[in-house]
Amino acid sequence: MTPDPARKPIRKAVFPVAGLGTRFLPATKAIPKEMLPIIDRPLIQYAVDEAREAGIEQLIFVTGRGKTSIVEHFDTAFELEHTMSSRGKDLSVLEATRIQPGNLVTVRQQVPMGLGHAIWCARAVVGDEPFAIFLPDEMMVGSPGCMKQMVDAYNEVGGNLISVLEVPREEVSSYGVIAPGAKVSDTLTEVTGLVEKPKMADAPSNLIISGRYILQPEVMRTLESQGKGAGGEIQLTDAMARMIGSQPFHAVTFAGRRFDCGSKAGFVEATLSLALERPDMADDVRAIMKRLLGEG
């Protein structure tokens, strides 16, 4: 299918990073959960790398109090770089943290009112363009990355897209779940409905929303009047559900792996999985795991 030349490209991405990270206390008392490292890169870095691979130019961080280190991570650290240079150390390790001036914008979510409210806080920066959303807790690993796969699908069908993954039926009550319509291809499915955390018996499928979105700017106007939903918060899923039928909605089944780094077990799983894929440490980590399992 030939891309529509009138279709606006995906240039902006919103990263909701204002959460308190209470599941990782006391580690997150003074350090944002998005700055917790998977080996030697913080969670937020993996999400930003994925965005850049997809061609996204402007990063919009929806932050809160105590989150300044997230922005500083992508700033120039003059003292550090000067010291490393004077000692002849390679600065390429910092290359991924460099952002072009003006390409990182922050807005504040003063009150924790849910994901939908966090996205709405970025409305002035998003403007009238379609945009991507990344939930950094959801670490997506694949080649190409999840958002690159979604942007490729967007260039074919336009409209709104969400990434989905299949999970065992008994796990659906923990997630947003799609009601699938016609299959466009092996990885692209029409979405006819969305349900936030349904009971297993009521779930329309076992395809869960997995932390990546491409949405049209009209979602901001929908969120403007969105009432509170599950958990007493303004839910993005509810706003998207209201838009189905008025705009195209598709789900992209991600060809890759997801790690739920919002949970401690998922965080450890991601760390071990990525460590075992790194030539500089795989043998050592494998030996450590064998020793620990042997002692168990």
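Above this text you will find the structure in question.
Values in this document were obtained by computation on a predicted structure and should not be read as measured data. (Residues numbered from 1 in each chain as written. Predicted model: local features only at pLDDT ≥ 70, side-chain atom pairs only at ≥ 80, totals over all residues. Heavy atoms only, no water.)

Chemist: Quick one: what's the story with the overall build of the protein chain, residue by residue and with numbers?
Modeler: Looking only at helices and strands, the protein chain features 10 helices and 13 strands. The buried share of the protein chain, reckoned over its 296 residues, is 49%. Pairs at least 24 residues apart make up 74% of the contacts formed inside the protein chain by residues separated by at least 6 positions. Here the protein chain contributes 32 positive and 37 negative side-chain charges, whose respective centroids are spaced 5 Å apart. (Helix = DSSP H or I, 4+ residues; strand = E, 2+ residues; numbered from the N terminus. Buried < 20%, exposed > 50% of the residue type's maximum accessible area, 1.4 Å probe, protein only. Contact = heavy atoms within 4.5 Å. Lys, Arg positive; Asp, Glu negative; His and termini not counted. Charge placed at Lys NZ, Arg CZ, Asp CG, Glu CD.)

Chemist: Tell me about the pairing of strand β8 (residues 160-166), and please be specific about residues and values.
Modeler: Counting buried positions along β8 gives six out of seven residues, so the element sits mostly inside the fold. As paired strands, β8 and strand β12 (residues 249-253) are joined by five bridges and run parallel to one another. Each bridged residue has a counterpart across the sheet, and for V164 the counterpart in β12 is T253. As judged from the five bridges shared by β8 and strand β11 (residues 207-215), these two strands associate in the antiparallel manner. Residue pairing across strands places I162 opposite Y213, the latter belonging to β11. (Pairing = 2+ DSSP bridges.)

Chemist: Give me the lowdown on the environment of V48, citing residues and values where you can.
Modeler: Note on placement: V48 falls in helix α1 (residues 43-53). A relative accessible area of 0% places V48 in the buried class. Setting aside its immediate chain neighbours within four residues, V48 contacts F15, L59, F61 and F74.

Chemist: An account of the side chain of E34 is needed here, citing residue identities and associated values.
Modeler: The topology assignment puts E34 in the loop between β1 (12-16) and β2 (37-38). A residue is classified by how much of its surface remains accessible, and E34, at 2% relative accessible area, is buried. If we ignore the near neighbours within four places in the chain, the residues touching E34 are P16, V17, P42, L43, I44, K67, I70 and P136.

Chemist: Tell me about the nonpolar core, and name the residues and values.
Modeler: Among the nonpolar cores identified, the biggest contains 38 residues, and F15, I44, I56, F61, F134, M147 and L161 are the most heavily contacted of them. Elements with a contribution of two residues or more to this core: β1, α1, β4 (58-63), β6 (131-134), α6 (146-157), β8 and β11. Sort the elements by how many residues they give to this core and α6 lands first, with seven residues. By size, the runner-up hydrophobic cluster in this structure holds 34 residues, among which are I119, Y213, L215 and V219. (Core = buried A, V, L, I, M, F, W, Y, C linked by side-chain atoms within 4.5 Å.)

Chemist: So what's going on with the side chain of H117? Which residues, and what values?
Modeler: Within the element layout of this structure, H117 appears in helix α4 (residues 115-120). Filtering out sequence-adjacent residues up to four positions away, H117 remains in contact with Q109, V111 and I234.

Chemist: Pulling in residues and values, what's your account of the environment of N206?
Modeler: Tracing the backbone shows N206 in the loop between β10 (188-196) and β11. Sequence separation between N206 and V164 is 42 residues; the distance between their C-alpha atoms is 9.5 Å. The residues contacting N206, other than those within four sequence positions of it, are L165, E166, V167, R169 and V172. At 3.0 Å, the side chain of N206 forms a polar contact with the backbone oxygen of V167. (Polar contact = N/O pair within 3.5 Å; in protein donor to acceptor, adjacent residues only side chain to side chain.)

Chemist: Please provide a residue-by-residue account of the environment of R242, values included.
Modeler: Structurally, R242 is set in helix α8 (residues 236-243). Its relative accessible area of 47% is what places R242 among the partly exposed residues. Between the C-alpha atom of R242 and that of T222, which follows or precedes it by 20 residues, the distance is 7.7 Å. Not counting chain neighbours up to four residues away, the residues in contact with R242 comprise T222, S225 and Q226. Within the local environment of R242, its side chain forms a polar contact with the backbone oxygen of T222, the two atoms lying 3.2 Å apart.

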